[in-house]
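Report on the structure
The primary structure of each chain is shown beneath.
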Amino acid sequence: MSSITKVRIFADSISDIPQEWIEKYNINLIPLYIAFDERTYLDRIEMDRFQVYKKIEMTGKFPEIAVPEPSVFINAFSPIIQNGEDVLFISMSSELSSMYQNSLIAAREFPAGRVTVVDSKNISAGTAMNVFIAVQAAEQGKSALYISGLLRRKRDEIQFNVLVDGYENRLKRGRVNIIKQLLGSKLRIQPILYVSHGRILSGVKYRGNKQKVLRKLLDSILSQIHRIEQDQIIIAQNKEEETAEWIQRKIYEETNIRDVFIIEGGCAICSHSGTHSLGISFVLKS
């Protein structure tokens, strides 16, 4: 294969990659399926997050999430391969869905080395961080093999902490199994969830109003600033725009982090984390 072969980055829609990145870095998305009652929609194509919010609020029900079959990946990868590019697909955690396995099945339909699949061991902003690292390396002309090795070295250092609205106990336990019924609203306890080796785990439970809990979460993260890579932090939010902007401002004021991106949680992640949640992803120095 020629050394000038380019790498096209693919991700699944639960990575919550913003449209700005898709256009700037020429990223391709593989959408998950969002199912309400008897109807199924393609995430971000046939249904956006606002429509999901509306349906949840109207019905009190959360949709089911399904992953695409291998043929969907084959159809998506084929024109890129035919165009002379290699494919690097960054999947949501294999511990949480069959997305990774289905993409591997598809990859075997192409010549060896043309499609590389990486398990991000994460979701949402955590997977988005993997994608951002990958597109930066691809812009430097790195091969899919090099980038996949880079991500496998870094993925366990990519942290993702999620604050779930403790007063929204209407959440269901879905296939991704992100949310559990952790608390009673009268106690005003807010759970912090985190991703470790591809699994969603319950961490610290803070007591107090949202502003106090956010300050505690932010202080906990900033206490590790000497261990955090200074390049970027990603904040993912569902209906918490002002909160995300407050955290972004505080990080800029109190650290030397170069870029603090705010991304919107999409349909798939909203279906499991609820309509009010906020997550922060960063990379620890290896």
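Residues numbered from 1 in each chain as written. Predicted model: local features only at pLDDT ≥ 70, side-chain atom pairs only at ≥ 80, totals over all residues. Heavy atoms only, no water.

What follows covers the overall build of the protein chain. A count of helices and strands for the protein chain gives nine helices and 13 strands. Evaluated residue by residue, the protein chain yields a buried proportion of 56% over its 286 residues. Pairs at least 24 residues apart make up 72% of the contacts formed inside the protein chain by residues separated by at least 6 positions. Here the protein chain displays about 13100 Å² of accessible surface, and carbon together with sulfur accounts for 47% of that area. (Helix = DSSP H or I, 4+ residues; strand = E, 2+ residues; numbered from the N terminus. Buried < 20%, exposed > 50% of the residue type's maximum accessible area, 1.4 Å probe, protein only. Contact = heavy atoms within 4.5 Å. Areas by Shrake-Rupley, 256 points an atom, 1.4 Å probe, with all protein chains shown as cover.)

Okay, the side chain of Ser277 next. When you line up the elements, Ser277 lands in strand 13 (residues 277–283). Residues within four places of Ser277 in sequence aside, it is in contact with Leu163, Ala236, Gln237, Asn238 and Glu240.

Under the 1.5 Å per step criterion, the end-to-end length of helix 8 (residues 241–254) is 20 Å for 14 residues, consistent within 8% with the ideal 20 Å. For helix 8, the full list of buried residues reads Thr243, Ala244, Trp246, Ile247 and Ile251. Viewed end-on, helix 8 has its buried residues packed into an arc of 160 degrees, placing them on one side of the element. Facing away from the buried surface of helix 8 by more than 90 degrees, the exposed residues are Glu242 and Glu253. (Expected span 1.5 Å × (residues − 1). Arc of directions from axis to C-beta.)

Next up on the list: the sheet that holds strand 5 (residues 64–66). Spatially, three strands are ordered 4-3-5 in an open sheet, and the strand pairing comes out antiparallel. Each edge of the sheet is formed by a strand with only one pairing partner; in this case those strands are strand 4 (39–42) and strand 5. When strand polarity is set aside, the average angle formed by the axes of neighbouring strands in this sheet is 30 degrees. Direction of pairing for strand 3 (residues 33–36) relative to strand 5: antiparallel, over a ladder of three bridges. Paired with Ile34 across the strands is Ile65, a residue of strand 5. (Pairing = 2+ DSSP bridges. Axes fitted to C-alpha atoms, helices over the stretch in contact; angles between N-to-C directions.)

Here the focus is the packing of helix 7 (residues 210–222) against helix 8. With their axes 11 Å apart at the nearest point, helix 7 and helix 8 run at an angle of 40 degrees to one another. Crossing angle aside, the handedness with which helix 7 passes helix 8 is right-handed. Contact with helix 7, carried on its side by Lys210, Gln211, Leu214, Arg215, Leu218 and Leu222, involves Thr243, Trp246, Ile247, Lys250, Ile251 and Glu254 of helix 8 and no other residues of that element. (Left-handed = near helix turned anticlockwise from the far one by under 90°.)

Turning our attention to the environment of Ile233. Among the secondary structure elements, Ile233 is positioned in strand 11 (residues 232–238). Residue Ile233 is classed as buried on the basis of its relative accessible area, which comes to 1%. For the pair formed by Ile233 and Asp259, sequence separation is 26 residues and the distance between their alpha carbons is 6.4 Å. Apart from residues no more than four positions distant in its own chain, Ile233 is found in contact with Met129, Ile251, Ile257, Asp259, Val260, Phe261, Ile280, Ser281 and Phe282.

Averaged over all residues, the pLDDT of the protein chain is 87; the fraction at 70 or higher stands at 88%. Confidence over residues 167–187 falls short of pLDDT 50; this stretch has 55 contacts with residues more than four positions distant or in other chains. (pLDDT = per-residue confidence, 0-100.)

The subject of this paragraph is unusual backbone geometry. At Asn26, a residue that is not glycine, the phi angle is positive and equals roughly 55 degrees. Among the structural elements, Asn26 can be located in the loop between helix 1 (19–25) and strand 2 (28–30). Even without a glycine there, the phi angle at His197 is positive, about 50 degrees.

Attention now moves to the packing of aromatic side chains. Under the counting rule described, the total for this entry stands at 10 aromatic pairs. An angle of 85 degrees between the planes, with centres 5.3 Å apart, marks the rings of Trp21 and Phe261 as edge-to-face. Here the residue Trp21 occupies a position in helix 1, and Phe261 occupies one in strand 12 (residues 259–264), the gap between them amounting to 240 residues. In this pair, the class of Trp21 matches that of Phe261, namely buried. The interplanar angle of 55 degrees and the centroid separation of 6.0 Å between the aromatic rings of Phe73 and Phe77 together place this pair among those described as tilted. (Phe/Tyr/Trp six-rings, centres within 6.5 Å; stacked < 30°, edge-to-face > 60°.)

Another aspect to go through is the nonpolar core. Judged by nonpolar contacts, the single largest core of 70 residues is most densely connected at Trp21, Phe77 and Leu88. A total of nine residues in this core trace back to one element, the largest contributor, which is helix 5 (residues 124–139). Every residue in contact with Trp21, bar those within four places of it in the chain, is listed here: Asn26, Ile27, Ala128, Phe132, Ile234 and Phe261. Listed in part, the 22 residues of the second largest apolar core include Tyr206, Leu222, Ala244 and Trp246. (Core = buried A, V, L, I, M, F, W, Y, C linked by side-chain atoms within 4.5 Å.)

All right, on to the sheet that holds strand 1 (residues 7–12) then. An order of 2-1-6-7 is seen for the four strands of this open sheet, with the pairing classed as parallel. The strands lining the two open edges of the sheet, one partner per strand, are strand 2 and strand 7 (115–119). Adjacent strand axes in the sheet meet at a mean angle of 25 degrees when their direction is disregarded. With five bridges joining them, strand 6 (residues 86–91) and strand 7 adopt parallel strand pairing. From the neighbouring strand, Ile90 faces strand 7, where its bridge partner is Val118. Along the sheet, helix 3 (residues 70–82) makes contact with strand 1, strand 2, strand 6 and strand 7, crossing strand 6 at roughly 145 degrees.

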